[in-house]
Amino acid sequence: MLFTRNKSRRGRGAAIVAFTASTALFLGGCGGGGGSEAGAEGGSGAEGEQTITFIPKQLNNPYTDVVLGGGETGASEAGFSASEVVGPLDASASSQVSFINAETQAGTNVIVIAANDPDAVGPALQEARDAGAKIVAFDSDTNPDFRDLFVSQVNAKDVGLIQLELISEQIGGAGDIAILSATANATNQNEWIKFMEEELASNPDYADINLVAKVYGDDDDTKSFQEAQGLLQAYPDLKGIISPTTVGIAATARYLSTSEYKGEVALTGLGLPNEMRPFVEDETVSEFALWDPAQLGYVAAFAGKALADGDITGEVGDTFEAGEMGERTVEEGGLVIVGPPTIFNADNIDEYDF
C-alpha cells in the first residue's frame, strides 16, 4: 500500500511552536484534543474516548510531513477520537521535552515520538508513562526503558547495508567516501552508520572503500548544503557521499547538480522520490533508497491503539492488526517492523508520489 499526501499541512509553521502545547495542530478535522476528559484519565483502555499525539523530530520537514500524513490516516482508522501533532522547529536533543510534559499534563492516552536524542527525552517520557500514557517510538528510537514499542521502518542493519551497497556499485567498489548525516545524536542515523562502518571493516568486498569523514547537517537544508560543499573542498578526491537523511540527500544533490563534481562524485542515501526526481532526471543521482514513510506513521497509530486498548503489552510475540497493513508482530526489544526499503532510479521513480 502506498500512501500519498499533499505536503502542505493545515496550520503548520512557526505558529505551531509557541513553546506550548496549546498551539498543537489538529489533524484531519478530528475533534477534541489531548485535554479531553477521557484523555485526562490516561491509558483508559477501550473505555471512553482516546487521544493520540505525534511528536516528530522537527516540524516543517518534508519526510516528516509524509510520516504524519500516514499517522493521521491510521489514527482515524484505528478509532482515536482526536489526534494532534506538536513538536519543535529544530532537532536539538532536548527540544521535545516541553511538548512531552504538556501532553502528560493534558492526559494524552498515546504519545508517538521520533526521538532527537534517545536519553534526553527519557525522564519526561517516564513521567508520561507513570501518568498512564502509552509510548510508541517511531522512526528514531528512544532508550527502550522509556517506551512500550518501537515501530521501525525496516531492519536497521538492512537500511545501513543497502546504502553501502549502492555507493559501492556507483563508485566501482573503490575510493574515498563520506557520510552526511542528520544530527550527531540521531538514534536511527547513528545505528545505520554503525552497521556501515562494521561492514566496511569486515567485508572484503569493501576493502578498497575508505570512509574519510562523517559530517552533520542537523536536518537543516542550508547547513546540509554547506556541509556537502565543505566535504568536496576538504576531500577533492572524494568518490561518493552517503546521506541517510532526506533533507541531507536533497541538499547535497542540489549542490552537486550545479557544481564541477556533477557526474564525478556519486551520491546515494535515503530520499523522497518527489524531491529527488529532478536530480535523477538530470543524472546527478542514479539510485537511492527509502520506504513508504506514510506506512510508518500508519502502523505506529495502530500500535498505540492496541496498547491503549490493552490488546498488547509490548511483549515479544504480541500481535495486532494495523488496518490495511495487516497483522504485525512484536519482536525482541519491543520492535515492530513496517516493511523493506525500495530502491529508486530512473526506471521506477515516476511510479511513486510522496
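Everything below is about the structure shown above.
Here is a short report on the structure shown in this document.

**Focus on the side chain of serine 224**
Here comes step 1: Structurally, the position occupied by serine 224 is in helix α7 (residues 221-234).
Here comes step 2: A polar contact is formed between the side chain of serine 224 and the backbone oxygen of aspartate 220, at a distance of 2.8 Å.
Here comes step 3: Setting aside anything within four residues of it in sequence, one finds serine 224 in contact with Leu180, Gly217, Val247, Gly248 and Ala251.

**Focus: the environment of threonine 246**
Here comes step 1: Along the chain, the position of threonine 246 falls in helix α8 (residues 246-257).
Here comes step 2: Linking threonine 246 and serine 181, residues 65 residues apart in sequence, is a C-alpha distance of 9.5 Å.
Here comes step 3: If we ignore the near neighbours within four places in the chain, the residues touching threonine 246 are Asn61, Tyr63, Leu270, Gly271, Leu272, Glu275 and Leu290.

**As for the packing of aromatic side chains**
Here comes step 1: Counting across every chain of the model gives 8 aromatic pairs.
Here comes step 2: Ring centres of phenylalanine 344 and tyrosine 352 lie 4.9 Å apart, and the angle between their planes is 85°; this geometry places the pair in the edge-to-face category.
Here comes step 3: Looking at phenylalanine 344, the relative accessible area reads 1%, which means it is buried.
Here comes step 4: Through successive ring pairs, a cluster of aromatic residues spans Phe288, Phe344, Tyr352 and Phe354.
Here comes step 5: Between lysine 194 and the ring centre of phenylalanine 195, over which it is positioned, the NZ or CZ distance is 4.5 Å.

**Digging into the side chain of glutamate 199**
Here comes step 1: Structurally, the position occupied by glutamate 199 is in helix α6 (residues 187-202).
Here comes step 2: Of the side chains bearing the opposite charge, lysine 157 lies closest to the buried glutamate 199, which forms no salt bridge; the N-O distance is 5.3 Å.
Here comes step 3: Within polar-contact distance, the side chain of glutamate 199 engages the side chain of asparagine 203 at 2.8 Å.
Here comes step 4: Apart from residues lying up to four places away in sequence, glutamate 199 is in contact with Leu161, Leu164 and Tyr206.

**Some details on the sheet that holds strand β10 (residues 266-269)**
Here comes step 1: Here 4 strands make up an open sheet; going across it, the order is β8-β7-β9-β10 and the pairing parallel. Two strands lie at the open edges of the sheet, namely β8 (209-216) and β10, each paired on one side alone. Strand-to-strand twist across the sheet, computed as the mean angle between neighbouring axes with direction ignored, equals 25°.
Here comes step 2: Pairing analysis gives 4 bridges linking strand β9 (residues 238-243) to β10, with the strands arranged parallel. Bridge pairing in β10 links isoleucine 241 to leucine 267.
Here comes step 3: Lying over the sheet, α7 contacts β7 (175-181), β8 and β9, oriented at roughly 145° with respect to β8.
Here comes step 4: α8 rests against β7, β9 and β10 of the sheet, and its axis sits at about 165° to β10.

**With respect to the pairing of strand β5 (residues 134-138)**
Here comes step 1: In terms of residue burial, β5 counts as a mostly covered element, since 4 of its 5 residues are buried.
Here comes step 2: As paired elements, strand β4 (residues 110-113) and β5 share 4 bridges and run parallel to each other. Note that in β5 the partner of valine 110 across the bridge is lysine 134.
Here comes step 3: At this point the chain moves from β4, through helix α4 (residues 122-130), to the parallel β5, and the crossover so formed is right-handed.
Here comes step 4: As paired elements, β5 and strand β6 (residues 149-152) share 3 bridges and run parallel to each other. Its bridge partner lying in β6, valine 136 is registered against leucine 149.

**Considerations on the pairing of β9**
Here comes step 1: Burial of β9 is extensive: 5 of the 6 residues sit out of reach of the surface.
Here comes step 2: Bridge count between β7 and β9: 4 bridges; the pairing is parallel. Residue pairing in the sheet places isoleucine 179 in a bridge with isoleucine 242 of β9.
Here comes step 3: As for the winding sense of the linkage, the β-α-β connection from β9 through α8 to β10 is right-handed.

**Things to note about helix α9 (residues 273-281)**
Here comes step 1: Buried within α9 are the following residues: Pro273, Met276, Arg277, Phe279 and Val280.
Here comes step 2: Next to the buried residues of α9 lie α8, β11 (288-290) and β15 (342-344).
Here comes step 3: Within two residues after α9, glutamate 283 carries a phi angle of roughly 70°, on the positive side.

**What to know about the packing of helix α3 (residues 97-106) against α4**
Here comes step 1: Close contact between α3 and α4 brings their axes to 9 Å; oriented N to C, the two are set at 10°. Judged by the inter-axis angle, α3 sits roughly parallel to α4. For the pair α3 and α4, contact is made by Val97, Ile100, Asn101 and Thr104 and by Ala124, Leu125, Glu127 and Ala128, respectively.
Here comes step 2: Looking at side-chain class alone, the contact of α3 with α4 contains 5 nonpolar, 2 polar and 1 charged residues.

**What to know about the packing of α8 against α9**
Two quantities define a packed helix pair, namely the angle between the helix axes and the distance between the axes.
Here comes step 1: At a closest axis distance of 10 Å, the pairing of α8 and α9 adopts a crossing angle of 25°. It follows that α8 is roughly parallel to α9 by the angle criterion. For the element pair α8 and α9, the recorded crossing hand is left-handed. Contacts between α8 and α9 involve Thr246, Ile249, Ala250, Ala253, Arg254 and Ser257 on the former and, on the latter, Glu275, Met276 and Phe279.
Here comes step 2: Considered class by class, the residues forming the contact of α8 with α9 number 5 nonpolar, 2 polar and 2 charged.

What counts, and where the lines are drawn
Residues numbered from 1 in each chain as written. Predicted model: local features only at pLDDT ≥ 70, side-chain atom pairs only at ≥ 80, totals over all residues. Heavy atoms only, no water. Helix = DSSP H or I, 4+ residues; strand = E, 2+ residues; numbered from the N terminus. Polar contact = N/O pair within 3.5 Å; in protein donor to acceptor, adjacent residues only side chain to side chain. Contact = heavy atoms within 4.5 Å. Phe/Tyr/Trp six-rings, centres within 6.5 Å; stacked < 30°, edge-to-face > 60°. Buried < 20%, exposed > 50% of the residue type's maximum accessible area, 1.4 Å probe, protein only. Lys NZ or Arg CZ within 6 Å of the ring centre and 35° of its normal. Lys, Arg positive; Asp, Glu negative; His and termini not counted. Salt bridge = Lys/Arg side-chain N within 4 Å of Asp/Glu carboxyl O. Pairing = 2+ DSSP bridges. Axes fitted to C-alpha atoms, helices over the stretch in contact; angles between N-to-C directions. Right-handed = clockwise from strand over helix to strand, strands pointing away. Parallel < 35°, antiparallel > 145°, perpendicular 65-115°, else oblique. Nonpolar A, V, L, I, M, F, W, Y, C, P; charged D, E, K, R; others polar. Left-handed = near helix turned anticlockwise from the far one by under 90°.

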